[in-house]
Amino acid sequence: MKRLSFLLVLLLLVGAFSASAQEEVTLRLSSWQWEDPSYAPFWEGTTAAFMEANPGVTIERFSFPLDQLFDRVDLEVAAGTPPDIIEVTGFNVFEYIDKGVLEPLNACFEGTDIVEKVAGQDSYAVDDMGNIYALNLSARTLALWVHQPMFDEAGIDVPTDFESFMAAAQALTNPDEEEFGLVLTNTAHSRLHEGVLIMVVGHGAHWTLDGQPAFSQPEVIAGVQFFKDLFDAGVMPRGVDGAGAQWPYFNSGKVGMTIDGPWYWVNLGNASPEVQSTVTIHPLPTDSARPTGGPNNLVGIAAGGPNQDLACEFIKSIATTEWGQVWTNSSGTINPIEGAVTDSFLMDNPWFQTFADDGPKFVPVAAPGLEVYHSDIVRIINNRLVEVLYDDRPVEEAMADLQADVEEFLEDQ
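These numbers were taken from a predicted model, which means no experiment stands behind them.

> Whenever I open this one, the nonpolar core confuses me. Can you help?
Soluble globular proteins tend to bury their nonpolar side chains together. Membership of the largest hydrophobic core comes to 51 residues, with the highest contact counts inside it found for Met-199, Trp-207, Val-224 and Leu-230. Those elements that place two or more of their residues in this core are strand 5 (143–147), helix 7 (148–154), helix 8 (162–171), helix 9 (190–202), helix 10 (218–232), strand 9 (255–260), helix 18 (374–390) and helix 19 (395–411). Leaving out residues up to four positions away in the same chain, Leu-230 has contacts with Phe-165, Met-166, Ala-169, Leu-182, Met-199, Val-235 and Met-236. Counting 31 residues, the second largest nonpolar core, distinct from the first, contains Phe-42, Trp-43, Val-118 and Ala-319.

> Would you mind going over the state of the cysteines with me for this structure?
Here, the word disulfide means a covalent bond between the sulfur atoms of two cysteines. For the structure shown, the criterion picks out 1 disulfide. Here Cys-108 pairs with Cys-312 through a disulfide, and the sulfurs are 2.2 Å apart. Judged by the sign of its S-S torsion, about 100 degrees, the cystine formed by Cys-108 and Cys-312 is right-handed. Here the residue Cys-108 occupies a position in helix 5 (residues 106–109), and Cys-312 occupies one in helix 14 (residues 308–318), the gap between them amounting to 204 residues. The two residues Cys-108 and Cys-312 agree in class, both being buried.

> Is there a simple way to explain the sheet that holds strand 6 (residues 180–183) in this structure?
Hydrogen bonds between backbone groups are what pair the strands of a sheet, and the pairing can be parallel or antiparallel. Reading across from one edge, 6-9-5-10 is the order of the 4 strands in this open sheet, with mixed pairing throughout. Lying at the two open borders of the sheet, with one neighbouring strand each, are strand 6 and strand 10 (279–282). Taking the axes of each pair of neighbouring strands and ignoring which way they run, one obtains an average angle of 20 degrees across the sheet. Note: strand 5 against strand 9, 4 bridges, orientation antiparallel.

> When you look at the pairing of strand 5 in this model, what are you seeing that I'm missing?
On a regular strand, each side chain points to the face opposite its neighbour's, so the side chains alternate between the two faces of the sheet. Burial within strand 5 is extensive, with 5 of its 5 residues counted as buried. Where strand 5 lies against strand 10, 4 bridges are found, and the strand directions are antiparallel. Following the sheet pairing, Leu-144 is matched in strand 10 by His-282.

Basis of the calculations
Residues numbered from 1 in each chain as written. Predicted model: local features only at pLDDT ≥ 70, side-chain atom pairs only at ≥ 80, totals over all residues. Heavy atoms only, no water. Core = buried A, V, L, I, M, F, W, Y, C linked by side-chain atoms within 4.5 Å. Buried < 20%, exposed > 50% of the residue type's maximum accessible area, 1.4 Å probe, protein only. Helix = DSSP H or I, 4+ residues; strand = E, 2+ residues; numbered from the N terminus. Contact = heavy atoms within 4.5 Å. Disulfide = S-S within 2.5 Å. Pairing = 2+ DSSP bridges. Axes fitted to C-alpha atoms, helices over the stretch in contact; angles between N-to-C directions.

Quick look at the structure:
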């Protein structure tokens, strides 16, 4: 009897020790947003709440700036020790899916309403077999930002299509006063790619058709030509290289229009509150009025990781309307879960209404069918666009060369 009691106590102690050992788990969460004040309330709040609800679980920050983070992640993946939870962008998610870095989340989401409540969850970062690889955290679109006093002084209306867009840009341009109707990035930069894509989408097309390169479509040629016409008309400053160069022009109050996303609001307010107070935001002035955009931030689970079940529980814990509201309220970007954009938020931030309205209309930035190669495709496209803008290559000729460039690239993959 004593021996039996001793064995029972021993088993209980071993069980308690094992349970304790199992509970002491560290999850590494990879994100470039840990130090960003716009996103810190979401990440700090969700991780603290999860750790409180799961004693013994520690969520450790795997934190680097965006231009360094994925090199670090790749090193960890190559070493077989990837972070348990990986935040990805709306573009490189496809590369990570292709490389087998991310674990499908279908089993994780089973029994929940996440797929139904999160916009685009059943279509973005999903393979042909229906495997879902990441939770959508934010969706974004671009819109037309208007410096209203310049329009009022010129006595013109905000443009709503290509014709009125060109007319307004020309009417607001005054070289003698160094005033421009428009500022957009026009060097080999991702913003150039998307700026021209907006004009292509505005003509009802994309870089691909049925998943294949289609740069010689008449609508593509028309879209590129329209951007070239704006550029040649002198309505935008030349040599604008990314947001760091684009924003100061509009901040100065001497530019009538720009195209940007909701993240620009805070920058504009910090740099030029007097301009911010006179800005109005409108749908893109193209014939289709469809914005480029879509999922911008996503989060997934590392394939083959030792803590996938616990990582799944964390992913599910952040896919709630309450946390979606924290994301939207603090970052000024749309969390795609149902109810994330509240009436009170829109009342306090009326400038955001256009983004909320246009969100469901988005056309993806990555060329459909070529998403895995997005970074390379953007580079190849930009090389030809720069020739069109600065070397005066005829658009039709440059697009024919671009078609050949991309086809050759794909053959080598």
